[in-house]
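Report on the structure
Here are the chains, one letter per residue:
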Amino acid sequence: MEDFLPRTTLSKMIKDFLPSELRIANDTMEMLVQCCTEFIHLVASQANEVGTREKKNTIQPEHVLKALTELGFDDFVADVASTYEHHKEETKQDKLSKFNKVGGAVKLTEAEQILLQQQLFEADRVHSMTSETAASAATAALFNTQYGRFLGSNCMADDGGGISDNSEESDK
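Residues numbered from 1 in each chain as written. Predicted model: local features only at pLDDT ≥ 70, side-chain atom pairs only at ≥ 80, totals over all residues. Heavy atoms only, no water.

Description of the pattern of salt bridges
Stated precisely, the cut-off is as follows: Here a salt bridge means any side-chain nitrogen of Lys or Arg lying within 4 Å of a carboxyl oxygen belonging to Asp or Glu. Here a strand is any run of E in DSSP of at least two residues, a helix any run of H or I of at least four, and the numbering for each starts at the N terminus. In this scheme, a residue with accessible area under 20% of its type's maximum is buried, one over 50% is exposed, and one in between is partly exposed, where area comes from a 1.4 Å probe on protein chains only.
Within the structure shown, the criterion is met by 5 salt bridges. With a shortest N-O distance of 2.5 Å, Arg53 and Glu70 are connected by a salt bridge. Note that Arg53 is positioned in helix 2 (residues 26-53) and Glu70 in helix 3 (residues 61-70), a separation of 17 residues in sequence. Here Glu85 makes a salt bridge to Lys88, at a shortest N to O gap of 3.4 Å. Here Glu85 and its partner Lys88 are both found in helix 4 (residues 74-102), 3 residues apart, which amounts to about one turn of the helix. You can call Glu85 partly exposed: its relative accessible area is 41%.

Here it is as structure tokens:
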């Protein structure tokens, strides 16, 4: 039988369950890895049969729990169900935290989203430019994009990259 499971990971798991003063021979470790692989194949095959009987194309967690019962591993069902519920909660929390990092907790208007997108594009242009002159020009453009809406419509960038008031130019 081919070894489909990561031997290193299984070895670490096995060693974690053993007392620290106990050593395990390599051939014993290999036998345990093969047993784990065979067990997973057996449960997966039985879960596939359960799914097929229920006319499902995808093995669901409930099929695995039923397969364990059908194979006589009733003692494992409670632990597997508990581990699955714990995994679902962790996955749910991970998705929520990723969603919140992207800005899901803050509702932006369409105009704010467009402005944020423009700022990100401009920041990327600044990052990708190599010459100092091009980078300072892009920084000035980013400054104007980012702060122009706060300063009002009478403001624009001067040639030096700073902010000047249009009303002064109209007085000249």
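Quick notes on helix 2
Inclusion rule: Helix span, expected: 1.5 Å multiplied by one less than the number of residues in the helix. Any two residues whose heavy atoms approach within 4.5 Å at even a single point are treated as in contact.
Along its 28 residues, helix 2 runs 41 Å from first to last C-alpha, staying within 8% of the 40 Å computed at 1.5 Å per residue. Where helix 2 is concerned, the buried positions are Met29, Val33, Thr37, Val43, Gln46, Ala47, Val50 and Gly51. The inward-facing, buried residues of helix 2 abut helix 1 (7-17) and helix 3. The positive-phi residue at the C-terminal boundary of helix 2 is Lys55, with phi of around 60°.

Concerning helix 1
Helical periodicity: at 3.6 residues per turn, an α-helix aligns residues three or four positions apart in one direction. Note the threshold: Picture the helix axis, draw a direction to every C-beta atom, and the arc is the one those directions span.
For helix 1, every residue scored as buried is listed here: Leu10, Ser11 and Ile14. Down the axis of helix 1, the buried side of the element spans an arc of 100°, and every buried residue falls inside it. Looking at helix 1, the residues exposed on the side facing more than 90 degrees away from the buried face are Thr8, Lys12 and Asp16. Elements in contact with the buried residues of helix 1: helix 2.

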